[in-house]
Amino acid sequence: MRKIKVFCGSSHPDLGAKILERLNLAASPATLTKFANQEIAIDLDVSVRGEDVFIISSGSAPHSSINDQLMELLIMVNAAKIASASRITCVIPYFPYNKQSKKKKARGAITAKLVSNMLGVAGVDHVITMDLHSSAVQGFFSRPVDNLLAEPSLVKYITTNFPDYATNGVAISKNAGAAKRVTSFADRLKIPFAMIHREQCGVSEAVDWGVDDEGEEQVGNNQVRLTLVGNVTGKTCFVLDDIIDTTGTFLDTAEHLKKCGAEKIVLLATHGILSGDAMAEIQKSPHVDSVVVTNSYPISSRKRSFDKLQIIDVSGVLAEAIRRTHNGESISYLFHTSY
């Protein structure tokens, strides 16, 4: 490919290297400097005048804070802009703050909108991301946003590793918010769908509203009653969501499904954030058989050592999106096909 420069941020170097390998390109050089007061400076070590620039940076923090990674991305975009790049595309597999796409409280912020505004001011022309928590985030931008799907890759994993999925599989939504995503997954696999209904119990007059691990409001210090809508007796249950961060709702869903007669429980998600000891908790759980995530978010070697964790490579999807964008081709094909 001609007239293209691809820069990789420090947030997810492994994924960046895999994308470049698939594109048969070398990473364009850039120098990142962090001063004693923790300010960041970035110099692009190659001319980008008139070039089609792609910057790969996931909203993740393997070695520093997510806020540092966001500032690094903004500075790199602005450096390319003032260096006369013809077009700047940010490839952000996990979009930072995308769960904060609506006000949770009366005086809360819509932080995903703020991040999109910051990227626009920095000079970005196009954003490629994957499985936003809410599709409404696409509307926060005045620039084109391509929200790629990990669903084809997850479906391919299921069809390859679970030969009896068609007769013995059930797609599970662990709450009402994930129902649309899970029904699409079930329709693609042509398997039944079931859902966990969550009902707050013992709500008092003095209510302390909090936010659960999936960003939905819940009543503080009140028990939740789970009700299964559907049949899972003797079935392999595929519990799907876009993010696995903390494990609370995933593990109580798995426990309830086992009580309802499920044979196997497989957790699936696009972004395996797995904060703190989340992976250790899943490994210890007698109810979960495996957890499957993509490499859109960096996963440490310690987490990779747990045998219940399976990781799907989505670098092919992202690399093909870059190639098609650069060549002016449609990317709609990627919504139905895994790479």
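Residues numbered from 1 in each chain as written. Predicted model: local features only at pLDDT ≥ 70, side-chain atom pairs only at ≥ 80, totals over all residues. Heavy atoms only, no water.

1. A few points about the overall build of the protein chain
Argument step 1. Of the regular secondary structure elements, the protein chain holds 10 helices and 16 strands.
Argument step 2. Taken against the 2.2 N^0.38 rule, which gives 20 Å for 339 residues, the C-alpha radius of gyration of the protein chain at 21 Å falls within 12% of a compact globule.
Argument step 3. Its C-alpha atoms put the protein chain at 60 × 50 × 35 Å along the principal axes.
Argument step 4. In the protein chain, which comprises 339 residues, the share counted as buried stands at 51%.
Argument step 5. Across the protein chain, contacts joining residues at least 24 apart in sequence account for 68% of those joining residues at least 6 apart. (Helix = DSSP H or I, 4+ residues; strand = E, 2+ residues; numbered from the N terminus. Rg over C-alpha atoms; globule rule 2.2 N^0.38 Å. Buried < 20%, exposed > 50% of the residue type's maximum accessible area, 1.4 Å probe, protein only. Contact = heavy atoms within 4.5 Å.)

2. Regarding the side chain of asparagine 295
Argument step 1. By secondary structure assignment, the location of asparagine 295 is in the loop between β15 (290–294) and α9 (301–304).
Argument step 2. Classification of asparagine 295 by relative accessible area gives buried; the value is 4%.
Argument step 3. At a separation of 2.9 Å, a polar atom in the side chain of asparagine 295 contacts the main-chain amide nitrogen of valine 314.
Argument step 4. Apart from the residues within four sequence positions on either side, asparagine 295 is in contact with His12, Leu15, Lys18, Ile311, Ile312, Asp313, Val314 and Ser315. (Polar contact = N/O pair within 3.5 Å; in protein donor to acceptor, adjacent residues only side chain to side chain.)

3. A short note on the side chain of threonine 89
Argument step 1. Along the polypeptide, threonine 89 turns up in strand β5 (residues 87–92).
Argument step 2. Filtering out sequence-adjacent residues up to four positions away, threonine 89 remains in contact with Val53, Phe54, Ile55, His126 and Ile128.

4. Some remarks on empty space enclosed by the protein
If you roll a probe as big as a water molecule over the atoms, it shows you where there is empty space left.
Argument step 1. Under the definition given, this model contains 1 cavity of 30 Å³ or more.
Argument step 2. Of the pockets and cavities examined, the largest cavity occupies roughly 40 Å³.
Argument step 3. In terms of lining, the largest cavity is formed by Ser57, Ser58, Gly59, Gln69, Leu70, Leu73, Ile92 and Pro96.
Argument step 4. Residue contributions to the lining of the largest cavity peak at 3 residues, all from helix α2 (residues 66–82). (1 Å grid on protein atoms, 1.4 Å probe; cavity = no way out; pocket = protein on both sides within 12 Å on 5 of 7 lines; lining within 4 Å. Points joined across faces, edges and corners; volume = space filled by probe spheres on them.)

5. Observations regarding the sheet that holds strand β9 (residues 193–200)
Argument step 1. Read from one edge of the open sheet, 7 strands run β12-β9-β8-β13-β14-β15-β16, paired in mixed fashion. Looking at strand neighbours, the two that pair on one side only are β12 (224–229) and β16 (309–312), the edges of this open sheet. The mean inter-strand angle of the sheet, taken between neighbouring strand axes irrespective of direction, is 25°.
Argument step 2. With 4 bridges joining them, strand β14 (residues 264–272) and β15 adopt parallel strand pairing. Paired with leucine 268 across the bridge in β15 is valine 292.
Argument step 3. Helix α4 (residues 151–161) contacts β13 (236–244), β14, β15 and β16 of the sheet and is inclined by roughly 125° relative to β16. (Pairing = 2+ DSSP bridges. Axes fitted to C-alpha atoms, helices over the stretch in contact; angles between N-to-C directions.)

6. Some words on the packing of helix α1 (residues 13–23) against helix α10 (residues 315–327)
Argument step 1. Following both chains from N to C, one finds α1 and α10 inclined at 55°, their axes separated by 9 Å at the closest point. Considered as vectors, α1 and α10 are oriented oblique to each other. Between α1 and α10 lies a crossing whose hand is right-handed. Touching Leu15, Lys18, Ile19, Arg22 and Leu23 of α1 are Ser315, Gly316, Leu318, Ala319, Ile322 and Arg323, all from α10. (Parallel < 35°, antiparallel > 145°, perpendicular 65-115°, else oblique. Left-handed = near helix turned anticlockwise from the far one by under 90°.)

7. Remarks on the sheet that holds strand β6 (residues 126–130)
Argument step 1. Read from one edge of the open sheet, 5 strands run β1-β4-β5-β6-β7, paired in parallel fashion. Strand pairing shows two members of the sheet lacking a second neighbour, β1 (4–8) and β7 (145–148), which therefore form its edges. The mean inter-strand angle of the sheet, taken between neighbouring strand axes irrespective of direction, is 15°.
Argument step 2. Its contacts with the sheet place α2 against β1, β4 (52–56) and β5, and it is angled at close to 160° to β5.

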